[in-house]
Amino acid sequence: MTWKSLLISGVFFIFFTLSNHAVRAQIRKITGYVQDAHSEERIPFASVQFKNSTVGALTDSAGNFSFTLDKWPSDTLEVTYVGFEDFHLYIDSTIEEMEVVINLERGKRNAEVIVKSKIGKGLILWRKIVKNKPLNDRARFDNFSYELYNKLEADLNDAGNNKLIKMKILKPFREVIDQNIDSASEAKPVLPLYLTETLSDYYYQKSPRKTREVIKAVKTIGFNNQSITKMLGGMYQNINIYKNFIPVFDKDFVSPISDNGSAYYLYRVPDTQYIGGRQYFHFVFTPKHKGENVFTGDAWIADSSYAVMKMNLRVPETANLNFVEKLDLVQEFQLVNDSIWFLSKDKFVADFIFMDKKRLNFIGRKTSTYRDVAINDSSTLFELEKNKLREEVVVADSANKKTDEYWQEARHEQLTQTEKGIYQMIDTLMAMPSFKRFTDLIYFLGTGYKNVGNYEIGPWYNWFTVNAYEGARVRFDLGTNTGFNKKIYFTGYLAYGFGDKKVKGRFQTLYLLNKSPRSTLLGSYLNDIDNGQVYYDEVGSDNLFAIALRKPNVPLRYMKIEQIKLEYFKEWSSGFSVALTGQRRRFTPLNNLPLKEHFPSENGGEPLNSFEGGIKLRFAYLEKFLDGNFYRMSLGSDYPIVEVHYSKGFSGILNSSYNYHRIGGSISDYKKISPFGSIYYNLYAGKVSGTLPYTLLEIPPGNNIWYYNKYAFNMMTRYEYLADWYSGINVEHNIGNGLFRFIPLTRILKFRQFWGAKILWSGLSDANLAYNSDNNGHSFKTLGGKPYLEIGTGVDNIFKIFRLDFIWRVLPRPLPEKTFERFGIFGSFRVVF
């Protein structure tokens, strides 16, 4: 090759090199995806447009977008989607390549144009979805099963500015906390607080209806409670958008595809898209009225089958729900066998504010994924044959012992770096003595109890009280914990009243024979004043609060009781239980009650001294419990709870004086009657045979203070009536916001409406009436077979914690001059969502 040829080749080489460099230098590229800022769910088919230009596109079905350009068409990228605020991203013209995540917030600052018509595309599509619900609801199958992975996480929101973190009490472990604040993946930095994972196999049969869940693996740090573990599976968290109502905490929200959805929602179909050759309708819904428990959101609906492919639900700000700033529910469905749309993913994200945004501001997230779906399979029936009940949750013995390697393989989706750090942070904190002291303090303040070695002291709120008879009263409680013995629990207290100068106390022991099904032996000795507290959530008479709210012109009546009690309790998996009891009780009237001397014994025994043996039968089908170390708390049942009890009094045992029979029973239930709230009822009746003192007869529960008592007749006073037979019914209907949603102020304040009625029929035999008439004027009333009736209504959810009851005593009608016996206003506190 000549030098001339080399020169020409060199010129061409330099030219093409420079040209190629120039071309590369002019290329601009931007890639990313669009997601919901709260739920972090990808948004498909969002419009991504360079402002004031013709360059734009829609995100794909996974929410992704990408542009490769010679130059930026404008300096602003505008992202829009129905139901979300428009998003504008400024682009620096000097940048050649960008990767971005676009977070869209729900809600439009500017109202979208809505074309109103009697029948639009949205309403037509809703009708077709409803018509095809029986063909798309997974409950239509004879049986199905799947593997379920649940992940539950709690984070402290806006951790960088949260005053809770900056408290001095947290200073010893501030360094560990600061290292785990996630400031990258959220709009505001968050502090991951807790993470738990469960993996289970779930089985369902349509007829007869049976469900079974076998929890194979559980990963938690900090507690190991089987009753809580069962609730972390899928049995109690199933949400079915094809049902007419969707549960959100203790409320039922109307589903957008409810059979009556058109009465609650406005529907639109803004566009149609194709994914994988299939057509899908974009179905958008918004509330028709303010203040109703409904959702706002959208869904993608498959053409021809009208099945839901994906649905996004957001609880609007106007919904009557407490402590929740934002809440999103997402359900995704996938094709099984190329023709059946089956649930593949659940997601729940909620922002909770319990005080204010600078303190108790949390984010809760629950993600559930479904794999290995089997429909109408004989293996499902084989597993369900193991059930003894309609619904069973079984926790495998090895569930809490799975290795990290097992979880690495078993998880449906891998943990993020932040999520992995939660386990490490909790391990680090739990190894710190200062953190142990901190959690002990929180436990002491919250529950009232403090563990000291193998013992516990408390509750602290009983250490000092005041009542009218004892004056100032001090009390000290001491008990054992599981460090002392995991089967036997000892507890007791000593109290001293500075007014009556008497020592009182109680000693009790519980032997836990079996935890599930429950079986126990209980022995107790009590020598104290009866303060009128029968249930744990009642307000008794032994505190300053009760003294301050005492009704006027009500005589103070006090009774001392000495009781020795033995009880054997046995429960079966069916929900049936039996309690066998033997007890001796000695009563000593102290103030404004007929004294012992008025009831001389005819058989040589001690007056007001009784011994009885009894049996109590109870049936609560599928009742749920939250278990503690020795005791448990009922979470109720979806079925009526039936109780029957019988006891026989024996004279001559431990100097007792009375022979008698006592029988009674009750049926109670709590039911949701959506969309009309919930209703509670309690039907009860009983009878006592024998001529007996008032201490052994039925004394209808009255209320001597202006604090509302749901178990008592609030317009009746204690010891006002006496009976040897009775029957009655208590009803309370919690409506929700009811009429308050039509008034702007009460709708904003989220007031709630309710009404209730309590009616009692009772009587007293002539013999018992004569026996209990005291010559000193201490007499009792009797209804004589006529009804006692009080009705009430009021305002609930005042400042989210307070309730006012307005109660009228209707029957028997009080005397005109006794107005305080006809009407009363009662207050109470309660915290609910």
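In the block above lies the structure referred to throughout.
Residues numbered from 1 in each chain as written. Predicted model: local features only at pLDDT ≥ 70, side-chain atom pairs only at ≥ 80, totals over all residues. Heavy atoms only, no water.

Asker: Just to check I follow, could you spell out the overall build of the protein for this structure?
Answerer: The number of helices and strands found in the protein is twelve helices and 41 strands. The buried share of the protein, taken over its 833 residues, is 46%. Contacts in the protein between residues far apart in sequence, at least 24 positions, make up 62% of those at least 6 positions apart. A total of about 41900 Å² of accessible surface is found on the protein, and carbon and sulfur atoms cover 58% of it. (Helix = DSSP H or I, 4+ residues; strand = E, 2+ residues; numbered from the N terminus. Buried < 20%, exposed > 50% of the residue type's maximum accessible area, 1.4 Å probe, protein only. Contact = heavy atoms within 4.5 Å. Areas by Shrake-Rupley, 256 points an atom, 1.4 Å probe, with all protein chains shown as cover.)

Asker: Quick question: what am I supposed to make of the packing of aromatic side chains here?
Answerer: Here a ring pair, both rings aromatic, is described through the centre-centre distance and the interplanar angle of the planes. One pass over the full model with this rule turns up 44 aromatic pairs. Taking 5.9 Å as the distance between ring centres and 55° as the angle between the ring planes, the aromatic pair formed by phenylalanine 283 and phenylalanine 285 counts as tilted. Judged by its relative accessible area of 0%, phenylalanine 285 is buried. Three or more aromatic residues link up through ring pairs in this structure, and these residues are Phe144, Tyr146, Tyr202, Tyr204, Phe342 and Tyr370. Sitting over the ring of tyrosine 406, lysine 402 keeps its end group 4.8 Å from the ring centre. (Phe/Tyr/Trp six-rings, centres within 6.5 Å; stacked < 30°, edge-to-face > 60°. Lys NZ or Arg CZ within 6 Å of the ring centre and 35° of its normal.)

Asker: Looking at this structure, how should I read the environment of tyrosine 242?
Answerer: Tracing the backbone shows tyrosine 242 in the loop between helix H5 (226–231) and strand S11 (245–248). Relative accessible area serves as the criterion here: at 4%, tyrosine 242 is assigned to the buried category. Counting along the chain gives 14 residues from tyrosine 242 to proline 256, while the straight-line C-alpha distance between them is 9.0 Å.

Asker: Sorry if this is basic, but what is going on with the sheet that holds strand S5 (residues 76–80) here?
Answerer: In sheet architecture, strand pairing relies on hydrogen bonds along the backbone and comes in two forms, parallel and antiparallel. One open sheet accounts for four strands, arranged S3-S2-S5-S6; its pairing is antiparallel. Pairing within the sheet leaves two strands with one partner each, and these edge strands are strand S3 (56–58) and strand S6 (87–90). Taken over all neighbouring pairs, the strand axes of this sheet differ in orientation by 15° on average, direction set aside. Bridge count between strand S2 (residues 47–50) and S5: four bridges; the pairing is antiparallel. Across the sheet, the residue bridging to glutamine 49 is glutamate 78, located in S5. (Pairing = 2+ DSSP bridges. Axes fitted to C-alpha atoms, helices over the stretch in contact; angles between N-to-C directions.)

Asker: Quick question: what am I supposed to make of the nonpolar core here?
Answerer: Nonpolar side chains in soluble globular proteins generally cluster together in the buried interior. With 78 residues, the main nonpolar core has Ile30, Phe283 and Phe295 as its most contacted residues. Sequence-distant contacts of isoleucine 30, defined by excluding residues within four places in its chain, comprise Phe50, Phe65, Ser66, Phe67, Trp72, Leu77, Leu89, Ile91, Met98 and Val100. Core analysis: the second largest hydrophobic core is formed by 20 residues, Tyr493, Phe587, Leu722 and Leu764 among them. (Core = buried A, V, L, I, M, F, W, Y, C linked by side-chain atoms within 4.5 Å.)

Asker: Would you mind going over the side chain of arginine 138 with me for this structure?
Answerer: Positionally, arginine 138 belongs in the loop between helix H3 (133–136) and strand S8 (143–156). Those residues in contact with arginine 138, other than ones at most four positions away along the chain, are Phe144, Asn238, Ile239, Asn240, Phe342 and Leu343.

Asker: Help me understand the pattern of salt bridges, please; the structure alone is not making it clear to me.
Answerer: Think of it this way: side chains of opposite charge can pair up when their charged atoms draw near. Counted by the stated rule, this structure contains 40 salt bridges. Linking lysine 216 and aspartate 201 is a salt bridge whose minimum nitrogen-to-oxygen distance equals 3.3 Å. Within this pair, whereas lysine 216 is found in strand S10 (residues 210–219), its partner aspartate 201 is found in strand S9 (residues 191–205), the two being separated by 15 residues in sequence. For aspartate 201, a relative accessible area of 19% corresponds to the buried category. In this structure, arginine 209 and glutamate 391 form a salt bridge, with 3.6 Å as the shortest nitrogen-oxygen distance. Residue arginine 209 is located in the loop between S9 and S10, and its partner glutamate 391 is located in strand S21 (residues 391–395); the two are separated by 182 residues in the primary sequence. Through salt bridges with shared partners, a single ionic network connects Glu470, Arg473, Asp500, Lys504 and Asp528. (Salt bridge = Lys/Arg side-chain N within 4 Å of Asp/Glu carboxyl O.)

Asker: How do you make sense of helix H8 (residues 417–430) when you look at a structure like this?
Answerer: Because each turn of an α-helix spans 3.6 residues, side chains separated by three or four positions end up pointing in the same direction. Counted at 1.5 Å a residue, the expected span for H8 with its 14 residues is 20 Å, and the 20 Å between its end C-alpha atoms agrees. Of all the residues in H8, the buried ones are Glu419, Gly421, Ile422, Tyr423, Met425, Ile426 and Leu429. (Expected span 1.5 Å × (residues − 1).)

Asker: I'm lost on the pairing of S10 in this one. Help?
Answerer: Where a strand is regular, its side chains alternate between the two sheet faces. In terms of residue burial, S10 counts as a mostly covered element, since eight of its ten residues are buried. The sheet contact formed by S10 and S21 spans five bridges and is parallel. In the strand pairing of S21, isoleucine 215 is matched with valine 395.

Asker: Would you mind going over the sheet that holds strand S7 (residues 97–104) with me for this structure?
Answerer: Taken in spatial order, the three strands make up an open sheet running S4-S1-S7, and their pairing is mixed. Strand pairing shows two members of the sheet lacking a second neighbour, strand S4 (64–69) and S7, which therefore form its edges. Strand-to-strand twist across the sheet, computed as the mean angle between neighbouring axes with direction ignored, equals 15°. As judged from the eight bridges shared by strand S1 (residues 28–36) and S7, these two strands associate in the parallel manner. Bridging across to S7, aspartate 36 finds its partner in leucine 104.

Asker: Quick question: what am I supposed to make of the side chain of glutamate 623 here?
Answerer: As for its position among the elements, glutamate 623 is in the loop between strand S31 (609–619) and strand S32 (624–627). Owing to a relative accessible area of 13%, glutamate 623 belongs among the buried residues under this scheme. Of note is the side chain of glutamate 623, whose polar atom sits 2.8 Å from the side chain of arginine 618. In this structure glutamate 623 touches Arg618, Ser634, Gly636, Ser637 and Ile641, once residues within four positions along its chain are discounted. (Polar contact = N/O pair within 3.5 Å; in protein donor to acceptor, adjacent residues only side chain to side chain.)

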